[in-house]
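# Understanding the architecture of this molecule
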Amino acid sequence: MRTFKKLLTPRNLPLLLVVLVELALILFRFAGDFHTGGVIDIPPEQIIPYAEECTNDDRGARVENFQGLFAVTRWVDIAPGSYQVCVTYANNGEDGKVTFLDEIMPTAQYDAARLPAERTRTVFSLWMPHGCETAQLQFYADCGEGRAIFITGAQLIPTHAYAYVRLLTGLLFFLLLDLAFLLLTRRLPLPVRGVRARYRWVAMGCIVIMACLPLGLGYLTYGHDLSIHLSRIEGLKAGLLAGQFPVRMDPALINDKGYPFSLMYSDLLLYPAALLRILGFSLQASYKVYVFGITLVTALITRYVLRKMLGSEQAALLGTALYTLSFYRLTNVFVRAAVGEYSAMAFLPLVVYGLWRIYTQEVKTDRRSAPWCWLALAVGFSGLLQTHLLTTELAGLFTALFCLVQFRKTFTRPVFPALCKATGAAVLWNLWFLVPLAQYMAQGVCRISGKYDASYLYDTAVYLGQMFTMFGQGGGVAESIQSGMSDEMPQSLGLVLAVGAVFFLMAVLDPQVRRAHRPTVRLGAAALGLGAVAVFCASDWCPWYDLFLAEGPLSVLSKTLGKLQFAWRFLTPATWLLVLAACCAVVLFLRSRPQAARQMMAVLLVLTVIPAGYLLFDVCNRSVNRVYMSLAAIDDLPGQVGGGEYLPAEDTTTDDSAWGSLLTICSETVSLEDYTKDGLDVTLSAVNTGTEEGTIRLPLFYYPGYSITGSEGAGLTHTEGYLVVTVPAGWQGSVRVRWTGEWFWRISDLVSLCAILATLVVWKRRNRHARVKTVGQV
């Protein structure tokens, strides 16, 4: 507030006038963008044949037994802005396609939407930064013998998304421009004092920017799971617009049948991306903002943790580069597009830091734990729970191993109570997510259960020679170990981490370096030891297949560890632990042999930047140009939900019926009088003229959490994975079926909210008392 008052001085009057002019320009442009024209109708007579086999009349364009472009619209005059394009059709062949002719207007962005046989209407997004008088829609068919596709009309409906996006980006641009001017003219004090500190933040910016280089393309580079996680953002957006909070059942996926992505796979960190979608940003822009944000968070957390643990700015900055640009992390981000796994990697440093805080706390005379020493561990595991459950299991496994190795200290009074506090806080904070998840897992609601064992881990192990390669390609998939590593995606920690481990061993073997700082030696030894365990578990040396063949208790262990799916997931903890060991080596040499330390840092930095740069180049070079504006760009079952792990567990639910089956099916004696469906909310009126109970199968998947209200006698059950309304003989009335969730989920929501608020209040009061006490002592 004081800084703001200082700006309101006669000296800054010209600057204030400039700000007012900027606001006027932004609002003037927003008013122009917000004013849109009417709906552009394309009637059947304006859809003309392109192929000789195509025929058209006043009902539209039709083609049979044809593959390729068969019809186009006449030229359409489109003003700049954003549009929803709605195409109506009939199709009994393979999926058709509709595209926008962008040869004349190459700046247009749109979804290449599909025309599946299961629907009669498809909607996709179109952005026109510039107007075009000769725009055109093009229609493609894929019909075999006896199959046909019929295009009956189209509409271009203007939206205000373009105006809102230009308003927000304009405000952000001028805000950053004015802030830079204020800082450069010393009207605002620089937030970072000292030349060295400024250099460090410049280096941090360079690290983050380099790690995000592929985001600078005008499209998204291909990743194995990219479409699945983009679908999660779209499902989250639809759930928020439907009034759910927190979102647990995504209403937009699999043709609006409801899918529990948000319930089974927490997406708390994806809420900002979903909010950007609601504000009008495209799907790919929202995802790019998320990737940049999580990369920035990863870098900031890593630097903070290393500074606290090692007390060295140089080592912290080096470790930030090693981790943020690590081979396996970049593979997760751009080759695999494994959103959950690379997001979880941001919180792994906090878990290790939390354990370090607890185990290195000073033992007081009353043997109480140091205040808030447990907080980092609780926050770290909460971040893992909210990003990736499998990484949470890995972190829990290595945490338990570390606690067992340190058992003499683990069960002492200062340490054990702190571990309990961290565990309790993490559980209470995340109870809102854990309770529904535990219910679905216990009841076996979804397909995901007991499909993996240790044989999968053996098949996905990594050769040691492969694990420390210096370079890797920006594509490929993970092949079976029996197939070798030819044309396989990178499954490597990089040569740099092997060199870092060697540097630590050199430090330990040198008496002068080893004696420089004993706590750092112990920290590095623990990191290197656990990192070696992770490397061994990921490698082909680990006897996973012997564990698979074992009987008795070992078979249970086989199935438990098999849920990790891939042995190379152990590269996640291995990456962070080996980075920490390398940074410990650098700190030890800085304390005893500074010249050697600087040389080591240069070697580690070169071995990080060059392979990372090549990997990012190859990612950009290999990827096809694919634009994702909305969910219409991901219009199939594998694209939206992958293997469908969270589909209903009933055996009769097949993938074909999961994507299709869009109609409401009534038994012979039941007839519908009225029917409306809005996402996960269905209202219907029906009559049963028979003498036995009738049924109405709804196009909604069955999951616990749906409720039915309306006329007495109607009930809600399920068959073949779908919700079914049962009505008694002679019944007539109306019912409403909608997603409400279980009542006790709301209790868990309230408990988590109260626990988080209580933690914040107590933490703030403790900090205030600590500051007052410090001032009093001074």
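Here the residue numbers are simple positions, counted from 1 along each chain's written sequence. Only residues with pLDDT of 70 or above have their local features reported here, since the model is predicted, and side-chain atom pairs are shown and tallied only from 80 upward, although totals for entire chains, interfaces and linings are computed over all residues. Excluding hydrogens and water, the side-chain values take into account all heavy atoms of the structure.

This part is about the overall build of the protein chain. The secondary structure listing takes helices from DSSP runs of H or I that are at least 4 residues long and strands from runs of E that are at least 2 residues long, numbered from the N terminus. From N to C terminus, the protein chain includes 30 helices and 22 strands. The C-alpha radius of gyration computed for the protein chain amounts to 30 Å, which stays within 12% of the reference 28 Å derived for 778 residues, consistent with globular compactness. Its C-alpha atoms put the protein chain at 90 × 75 × 60 Å along the principal axes. Taken across its 778 residues, the protein chain has 51% of its residues classed as buried. Summarising the internal contacts of the protein chain: among those between residues at least 6 apart in sequence, 76% fall at separations of at least 24. Note on areas: these come from Shrake-Rupley sampling with a 1.4 Å probe, and a residue is covered only by the protein chains present in the view. Summing over all exposed atoms, the protein chain offers an accessible surface of approximately 36200 Å²; the carbon and sulfur share of this is 61%. Within this scheme the basic residues Lys and Arg register as positive and the acidic residues Asp and Glu register as negative, but His and the chain ends are omitted. Where a charge sits is defined by one atom per residue type, namely NZ (Lys), CZ (Arg), CG (Asp) or CD (Glu). Each charge class in the protein chain can be summarised by its mean position, and for the 64 positive and 58 negative side chains these summaries are 25 Å apart. The globule rule is 2.2 Å times the number of residues to the power 0.38, and the radius of gyration it is compared with is taken over C-alpha atoms. Relative accessible area decides the class of each residue, using a 1.4 Å probe on protein chains only: under 20% of the type maximum gives buried, over 50% gives exposed, and in between gives partly exposed. Whether two residues touch is decided by their heavy atoms; if any such pair falls within 4.5 Å, the residues are in contact.

Quick look at the side chain of Thr221 now. Residue position: Thr221 is located in the loop between α4 (195-211) and α5 (226-241). Residues in contact with Thr221, not counting those within four places in the same chain, are Pro214, Leu226, Phe334, Val619, Cys620 and Ser623.

Take the number of residues in a helix, subtract one, and multiply by 1.5 Å to get its expected span. Between its first and last C-alpha atoms helix α3 (residues 161-184) spans 35 Å; for 24 residues at 1.5 Å apiece the expected length is 34 Å, and the two agree. Along α3, the residues that are buried comprise Ala161, Tyr162, Ala163, Val165, Leu167, Gly170, Asp178 and Leu182. Trailing α3 by a residue or two, Arg186 shows a phi angle of about 65°, which is positive.

The next thing to look at is the pattern of salt bridges. If the charged atoms of two oppositely charged side chains come close together, the side chains can form a pair. Throughout this description, the term salt bridge denotes a Lys or Arg side-chain nitrogen within 4 Å of a carboxyl oxygen of Asp or Glu. Enumeration according to the criterion identifies 17 salt bridges in this entry. Between Asp635 and Arg119 there is a salt bridge, with its nearest N and O atoms 2.5 Å apart. In this pair, Asp635 sits in the loop between α27 (594-622) and α28 (637-641) while Arg119 sits in the loop between β10 (113-115) and β11 (121-128), placing the two residues 516 residues apart along the sequence. A salt bridge links Arg336 to Glu341; the nearest nitrogen and oxygen atoms lie 2.9 Å apart. As far as the burial class goes, Arg336 and Glu341 line up, both buried.

To continue, consider the sheet that holds strand β19 (residues 706-710). Whether two strands pair comes down to DSSP finding at least two bridges between them. The strand order β16-β17-β22-β19 describes an open sheet built from four strands, whose pairing is antiparallel. The strands lining the two open edges of the sheet, one partner per strand, are β16 (670-678) and β19. Averaged over all pairs of adjacent strands, the angle between strand axes in this sheet comes to 20°, irrespective of strand direction. Relative to strand β17 (residues 681-688), β16 runs antiparallel, the two being bridged by eight bridges. Each bridged residue has a counterpart across the sheet, and for Asp674 the counterpart in β17 is Ser685. To obtain an axis, a line is fitted to C-alpha atoms, over the contacting stretch when the element is a helix, and the angle between two such axes runs from 0 to 180 degrees between their N-to-C directions.

To continue, consider the nonpolar core. We define a nonpolar core as any set of buried Ala, Val, Leu, Ile, Met, Phe, Trp, Tyr and Cys residues linked to one another through side-chain atoms lying within 4.5 Å. Ranked by internal contacts, the top residues of the largest apolar core, which has 141 residues, are Tyr287, Leu310, Ile358, Trp374, Trp544 and Leu604. With 17 residues, helix α26 (residues 571-592) is the largest single contributor of residues to this core. Ignoring anything within four residues of it in the chain, the contact list for Trp374 reads Ile358, Ala418, Lys421, Ala422, Ala425, Trp429 and Thr759. Counting residues in hydrophobic clusters, the runner-up holds 44 residues, among them Tyr646, Leu647, Ala686 and Ala714.

With that settled, the discussion passes to a nonpolar patch on the surface. In this scheme, patches are assembled from residues that exceed 30% relative accessible area and form no salt bridge. Like charges are connected within 9 Å, while nonpolar side chains (Val, Leu, Ile, Met, Phe, Trp, Tyr) are connected within 5 Å. A contiguous nonpolar surface patch, about 590 Å² in accessible area, is contributed by Leu13, Leu17, Leu20, Leu23, Leu168, Leu171 and Leu279. Of all the secondary-structure elements, those providing two or more residues to the nonpolar patch are α2 (13-34) and α3. Counting residues per element, the nonpolar patch draws most heavily on α2, at four residues. Here Leu17 lies in helix α2.

Attention now moves to the packing of aromatic side chains. Under the pairing criterion, centres of Phe, Tyr and Trp rings, with the six-membered ring standing for Trp, must be within 6.5 Å; the plane angle then separates stacked pairs below 30 degrees from edge-to-face pairs above 60, leaving the rest tilted. According to the stated counting rule, one finds 30 aromatic pairs in the structure shown. Judged by centre distance (5.2 Å) and plane angle (70°), the rings of Tyr323 and Trp576 are edge-to-face. In this pair, Tyr323 is assigned in helix α10 (residues 313-324) and Trp576 in helix α26, connecting sequence segments 253 residues apart. By relative accessible area, which is 0% here, Tyr323 ends up buried.

The subject of this paragraph is the sheet that holds strand β18 (residues 694-701). In a beta sheet, neighbouring strands pair by backbone hydrogen bonds and run either parallel or antiparallel. Here we have four strands laid out as an open sheet, ordered β15-β18-β21-β20, and antiparallel in their pairing. Of all the strands in the sheet, the pair left with one neighbour each is β15 (665-666) and β20 (715-719). Bridge count for β20 against strand β21 (residues 722-727) is five bridges, and the pairing is antiparallel. The partner of Gly715 across the bridge, within β21, is Thr726.

The next subject is the pairing of strand β5 (residues 67-73). Most of β5 sits inside the fold, with five of its seven residues counted as buried. Alignment of strand β2 (residues 47-49) against β5, held across three bridges, turns out to be antiparallel. Paired with Pro49 across the bridge in β5 is Ala71. With five bridges connecting them, β5 and strand β13 (residues 137-142) associate as antiparallel partners. The partner of Ala71 across the bridge, within β13, is Phe139.

Within the sequence span of helix α25 (residues 553-562), burial applies to Ser558, Leu561 and Gly562. When α25 is viewed along its axis, its buried side chains cluster within an angular range of 105° and face the same direction. Turned more than 90 degrees from where α25 packs its buried face, Pro553, Val556 and Lys559 sit exposed. Arc definition: directions from the helix axis to the C-beta atoms.

Before going further, it helps to spend a moment on the side chain of Gln491. Structurally, Gln491 is set in the loop between α20 (464-467) and α21 (495-509). As used in this structure description, the phrase polar contact means that two N or O atoms lie within 3.5 Å; if the pair is within protein, one of them must be able to donate a hydrogen and the other to accept it, and residues adjacent in sequence are counted only when both atoms belong to side chains. Of the polar contacts made by the side chain of Gln491, one reaches the side chain of Glu488; its length is 2.8 Å.

This paragraph deals with the pairing of β18. Across the eight residues that make up β18, a large majority, seven, are buried. Here two bridges tie β15 to β18, and the two strands are oriented antiparallel to one another. Counterpart to Cys666 in the pairing with β18 is Ile696. Alignment of β18 against β21, held across five bridges, turns out to be antiparallel. Within β21, the residue paired with Phe701 across the bridge is Tyr722.

That's the geometry; what it means functionally is another story.
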